[in-house]
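# Observations on chain architecture
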Amino acid sequence: MKTIFIISLIIYLVYINIISTKSLHMLQQNRYNRGYRYIKWIIKNRKENFLNLTLIFFLYLLFLLSNNLISYLPYVFIILTIFLGYVFISNRLKENIKIPLKYTSRIKRLILTNNIIHLIPCIIMLLTFDESALPVYYFILGLIAYLNLFTLILINFLNRPLEKLVALHFKREAERKLKSMTNMKVIGITGSYGKTSSKNILCDILNVKYNAFKTPANYNTPFGLMITINNYLDKYNDYFIAEMGACKKGEIKELCDLVHPTYGILTKIGLAHLETFGSEENIQKTKFELIESLPEDGIGVLNGDDEKQKDYILKNKCKIIWIGIDNHRVDCYAKDIELTYKGTKFNVKFKNLDKEYKFETKLLGRANIYNILAGIALGHELGISIKDLQSAVKKVSPVEHRLCMKKYYDINLIDDAYNANPNGCEMAVEVLSQMPGKKIIVTSGMIELGSKSYEKNKELGLQIASHKIDDVILIGKEQTKPIQEGLKECQFSEEHIHILNDIMDSFPLMQQLKDGDTYVLLQSDLPDTFNEK
């Protein structure tokens, strides 16, 4: 009996590793439970998370009712474990996983701890093996498997001291490397949205004269900056452009203490991550941590059209360059803007120059003009000629998934699938409305807006209706209820509202809805943690 029990334990440990892949995946996507995001995901998806393995308990209990069936328990346990493992794998293969689990060093350490934690009860059971206690053994193992999502919280907590030591090691390496690069200056970029676009635009602009390097992709956390510094920066870089993200107060300051920026760009302050920040005031103060970390001989670029930037009392004596579109009492502003489906043209006026200068770009949308203006203003301050600035702006390429024009067969796809925010959504809908031909929007709404979530998503529905979009494809019945309310309030035809659970189903629907020259805005494709399937 003990031999078959050992076999059942081996199969059980394999099963635990299989089902842990989803728990680890969600833990990773929820930033390793920063701001209790992982716990919130468990609670939000409680029905799916707590009903999927109840079958195993009911079947166990049937066997626990009769001592005569104890000898069959190991075999039943093995069969059930293999069956549930097969069902789990089959269901995972059917899921539309947008961002797969990345087996980083941190994830590998979590897997190791996970195995150790699950080995402990198995070893205890083997050392104290008693055949009559089999029902208790299997009940305990089944309960541990059932609570796998919560076990990961414990494992993540246990690994925290180790992760701090690993982070400290990489931090010291990064600090030593930055200290040795005496000729390189750091430019920090933060804001509620537009950080990545602004970073890419600025890098393209600076590279017409200097050797600038930017953080890749969304490497905007302490680890992301450390990896970038340690693995990518070299002695030939003149400027390091560091994108800085945050979910709570103090996180931008932490990044600034690591890289010590001389220059800083604040895009716009909005409601992104309001749920984790707790208040709009906290968001405002956190974003200004960048500007207030600059040295007195540093330069900050602020948006004169953003009330949250204009109203802030800055605790810093560094030089500030103001940019704007509506506000002409700034140092650098755009005027005579021509927005078309082919790109954008505008004139730029510098406060200290008499002449206006014509700029044109392939980028779409008003928000990108702000991002370009920030790059122009700082580039001009750093000695780049107007002619070179004009040339650089003309060559700037769209950022992937941020108002990027693509072709999907004969459909013109405006890819704005990166997580949306209120201002970004409004701008994207405006861009779609300027397109010729039929207009379709695919959206799953906005997330992490806390108490403002319903209000802002309903406003999105109102905006869509007011811009005369032809068809609306909503992803997630529950997630998009506020958008549905906004559309209905404006008497948007229900025949042209299509509700799906999987974004992949929207592509064949686009083909059915298209009519001649068709433009589709693919907006806010939510991460796997928000799947309603």
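Everything here concerns the structure above.
So, a few notes on the structure that sits alongside this text. Throughout this document, residue positions are counted from 1 along each chain, in the order its sequence is written. Selection of residues for local features in this predicted model requires a pLDDT of at least 70, selection of side-chain atom pairs for listing and counting requires 80 or more, and totals for whole chains, interfaces and linings are taken over all residues. Water and hydrogen atoms play no part in the side-chain values, which are based on all heavy atoms of the structure.

### Some details on the packing of helix α10 (residues 195-206) against helix α16 (residues 366-381)
Helix-helix packing: each pair is described by the crossing angle between the helix axes and the interaxial distance. Running from N to C, α10 and α16 point in directions that differ by 40°, and their axes come no closer than 9 Å. In this view, α10 runs oblique relative to α16, as classed from their interaxial angle. Crossing handedness for the pair α10 and α16: right-handed. Counting all contacts with α10, which are made through S197, S198, I201, L202, I205 and L206, the residues of α16 involved are N368, N371, I372, G375, I376, L378 and G379. In the scheme used here, Gly and all other residues not listed as nonpolar or charged are polar, with Ala, Val, Leu, Ile, Met, Phe, Trp, Tyr, Cys and Pro taken as nonpolar and Asp, Glu, Lys and Arg as charged. Looking at side-chain class alone, the contact of α10 with α16 contains seven nonpolar, six polar and no charged residues. Angles run from 0 to 180 degrees between N-to-C directions of axes, and those axes are lines fitted to C-alpha atoms, restricted for helices to the stretch in contact. The way it works is that DSSP assigns letters per residue, a run of H or I at least four long becomes a helix, a run of E at least two long becomes a strand, and they are numbered from the N terminus. For classification, angles of less than 35 degrees are called roughly parallel, those exceeding 145 degrees roughly antiparallel, those between 65 and 115 degrees roughly perpendicular, and all remaining angles oblique. Should the near helix be turned counterclockwise from the far one by less than a right angle, the crossing is left-handed, whereas a clockwise turn marks it as right-handed. Contact definition: two residues touch when any of their heavy atoms are within 4.5 Å.

### A short note on the nonpolar core
The tendency in soluble globular proteins is for nonpolar side chains to be buried side by side. Of all hydrophobic cores here, the largest spans 56 residues; its most connected members are F240, M244, V259, I291, I441, I464 and L487. Among the elements that take part in this core, helix α18 (residues 422-433) stands out by supplying six residues, more than any other. For V259, the contacting residues outside a window of four places in its chain are L178, V186, L225, I229, F240 and M244. Nine residue types can take part in a nonpolar core, namely buried Ala, Val, Leu, Ile, Met, Phe, Trp, Tyr and Cys, and a core is a set of them joined through side-chain atoms within 4.5 Å. In this scheme, a residue with accessible area under 20% of its type's maximum is buried, one over 50% is exposed, and one in between is partly exposed, where area comes from a 1.4 Å probe on protein chains only. Judged by nonpolar contacts, the second largest core, of 40 residues, contains L202, I241, F346 and Y370.

### Observations regarding a nonpolar patch on the surface
Together, L112, I116, I120 and I124 make up a nonpolar patch on the protein surface, roughly 380 Å² of accessible area in all. Tracing the chain through its elements places I120 in helix α6 (residues 105-127). Judged by relative accessible area, I120 falls into the partly exposed class, the value being 43%. Candidate patch residues must exceed 30% relative accessible area and have no salt bridge, after which like charges are joined if within 9 Å and Val, Leu, Ile, Met, Phe, Trp or Tyr side chains if within 5 Å. Methods summary: accessible areas were calculated by the Shrake-Rupley approach with a probe of 1.4 Å, and residue burial reflects only the protein chains presented. Only one rule defines a salt bridge in this text: a Lys or Arg side-chain nitrogen within 4 Å of an Asp or Glu carboxyl oxygen.

### Section: the pattern of salt bridges
Inspection of the entire model under this criterion finds 20 salt bridges. In this structure, D410 engages K514 in a salt bridge whose closest nitrogen and oxygen atoms are separated by 2.8 Å. On the criterion of sequence distance, the pair formed by D410 in the loop between β10 (404-408) and β11 (411-416) and K514 in the loop between α21 (506-513) and β15 (518-523) is long-range, its members being 104 residues apart. Each of R106, R109 and E163 takes part in one network of salt bridges that share partners.

### Describing helix α12 (residues 251-259)
Those residues of α12 that fall on the buried side of the exposure criterion are E251, I252, L255, C256, L258 and V259. Taken end-on, α12 shows its buried residues confined to a sector of 160°, consistent with a single buried face. On its buried side, α12 packs onto α9 (160-180), β1 (185-190), α11 (222-231), β3 (239-243) and α14 (280-291). A positive phi of about 50° marks H260, the residue just after α12. Our arc is simply the arc of the directions from the helix axis toward the C-beta atoms.

### Thoughts on the pairing of strand β4 (residues 263-266)
With burial as the criterion, each face of β4 is covered, one bearing Y263 and I265 and the other bearing G264 and L266. Pairing analysis gives four bridges linking β1 to β4, with the strands arranged parallel. Bridged to G188 within β4 is G264. Criterion used throughout: strands pair if DSSP finds at least two bridges between them. Of the strand pairs in this sheet, β4 and strand β5 (residues 299-303) are connected by three bridges, and their pairing is parallel. Each bridged residue has a counterpart across the sheet, and for Y263 the counterpart in β5 is I299.

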